[in-house]
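# Descriptive structure summary
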Amino acid sequence: TIADLQGMKQGQLRLAVITTAKYFIPRLIGPFCQRYPGINVSLKVTNHEGLINRINDNLDDLYVLSRPPSGFDITVQPFLDNPLVVVGPASHPLANQRGISLERLAQEPFILRERGSGTREATEQLFAAHNLNLNVKLDLGSNEAIKQAILGGLGLAVLSYHTLTSAGATPELKMFEVEGFPIHRQWHAVYPAGKQLSTVAATFLDYLLTESQRIAADIQIPESTTTDPELDAP
Ligand code: PGA
């Protein structure tokens, strides 16, 4: 029976994901563990640089990150969009403007993630590509802390759209319509190419790919700066 087959899937699953994926992956683990009660999961959450180090040290079965590293012999499977968007207070004068230029944005005080963060790197690259300097007020090691700092009036930030859609969506935060945004990124599941995936890891990867398709249909991922800027959904 199916129950017997599921019972055969036993063991430890070691996952490591970047900070933006923590808004997505933990929600999937609950139903997965219910389906496969013999599987125990350990989940590590770290930034891009921390994840590269873990891949290098071969610490986990499966990794989730946005920008797969070059120079590693890895198998890479993209599975869901992870757009980076400009976030600010709903009460901010730019909150209801359309087509805000990057130059205008550069005049605003900014909150950046810590060094080693992929979100930070993508933001810095976009500004550098336009020969613009960021006016960095604060450098913070957590997406949640950044949301609080935005609410505290310290500045604007670039964050993964997924940091805004999860439980506890904050209506006081708004996605700003800035030219060049969203920055398109995708999450990728990654594992060493030379490594035979364990049955447990292969089972989770299958599950991840299937479930993310289903969830993608529910999340309204912003395609361009002209889509609905309201964040209070879902
Ligand atoms: P971060 O990851 O936690 O390193 O910013 C996000 C990303 O790389 O998309």
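Since we're looking at a predicted model, the values are computed, not measured.

The rules we used
- Residues numbered from 1 in each chain as written.
- Predicted model: local features only at pLDDT ≥ 70, side-chain atom pairs only at ≥ 80, totals over all residues.
- Heavy atoms only, no water.
- Helix = DSSP H or I, 4+ residues; strand = E, 2+ residues; numbered from the N terminus.
- Rg over C-alpha atoms; globule rule 2.2 N^0.38 Å.
- Buried < 20%, exposed > 50% of the residue type's maximum accessible area, 1.4 Å probe, protein only.
- Contact = heavy atoms within 4.5 Å.
- Areas by Shrake-Rupley, 256 points an atom, 1.4 Å probe, with all protein chains shown as cover.
- Lys, Arg positive; Asp, Glu negative; His and termini not counted.
- Charge placed at Lys NZ, Arg CZ, Asp CG, Glu CD.
- Pairing = 2+ DSSP bridges.
- Axes fitted to C-alpha atoms, helices over the stretch in contact; angles between N-to-C directions.
- Near = heavy atom within 4 Å.
- Polar contact = N/O pair within 3.5 Å; in protein donor to acceptor, adjacent residues only side chain to side chain.
- 1 Å grid on protein atoms, 1.4 Å probe; cavity = no way out; pocket = protein on both sides within 12 Å on 5 of 7 lines; lining within 4 Å.
- Sits in = over half its atoms within 2 Å of the grid points.
- Nonpolar A, V, L, I, M, F, W, Y, C, P; charged D, E, K, R; others polar.
- pLDDT = per-residue confidence, 0-100.

Scanning the protein chain for helices and strands turns up eight helices and 10 strands. Its C-alpha atoms give the protein chain a radius of gyration of 19 Å, within 12% of the compact-globule value 17 Å for 234 residues. Considering only C-alpha atoms, the protein chain reaches an extent of 60 × 35 × 25 Å along its principal axes. Residues classed as buried in the protein chain amount to 50% of the 234 residues present. Contacts in the protein chain between residues far apart in sequence, at least 24 positions, make up 82% of those at least 6 positions apart. If you sum the accessible surface of the protein chain, you get close to 11,100 Å²; carbon and sulfur atoms cover 48% of it. A distance of 4 Å separates the average location of the 19 positive side-chain charges in the protein chain from that of its 24 negative side-chain charges.

Now for the sheet that holds strand β4 (residues 74–81). Here five strands make up an open sheet; going across it, the order is β2-β1-β3-β10-β4 and the pairing mixed. Both outer strands of the open sheet, β2 (39–46) and β4, are each paired with one neighbouring strand and no more. Each neighbouring strand pair of the sheet contributes to a mean axis angle of 20°, computed without reference to strand direction. In this sheet, strand β10 (residues 186–192) lies alongside strand β3 (residues 62–65) in antiparallel orientation, the contact comprising three bridges. Looking across to β10, one finds that Tyr 63 is bridged to Val 190. Where helix α2 (residues 25–35) meets the sheet, its contacts fall on β1 (11–18), β2 and β3, and the angle it forms with β2 comes to roughly 175°. Docked against the sheet, helix α3 (residues 48–56) engages β1, β2, β3, β4 and β10, running at close to 155° with respect to β3.

Next up on the list: the site of the ligand. With respect to spatial proximity, the complete set of residues near the ligand consists of Ile 18, Thr 19, Thr 20, Asn 47, His 48, Ser 66, Asn 82, Arg 113, Ser 117, Gly 118, Thr 119 and Arg 185. One of the side-chain nitrogen or oxygen atoms of Asn 82 is found 3.4 Å away from an oxygen atom of the ligand. The separation between an oxygen atom of the ligand and a polar side-chain atom of Thr 119 is 2.7 Å. The protein chains hide 100% of the 280 Å² of surface that the ligand would expose on its own. More than half of the atoms belonging to the ligand lie within 2 Å of the grid points that define the largest cavity. Broken down by class, the residue content of the shell around the ligand amounts to one nonpolar, nine polar and two charged.

Of the residues in the protein chain, 90% have a pLDDT of 70 or more, and the chain-wide mean is 89. Confidence over residues 225–234 falls short of pLDDT 50; this stretch has 22 contacts with residues more than four positions distant or in other chains. The complex model carries a pTM of 0.88, and its ipTM stands at 0.97.

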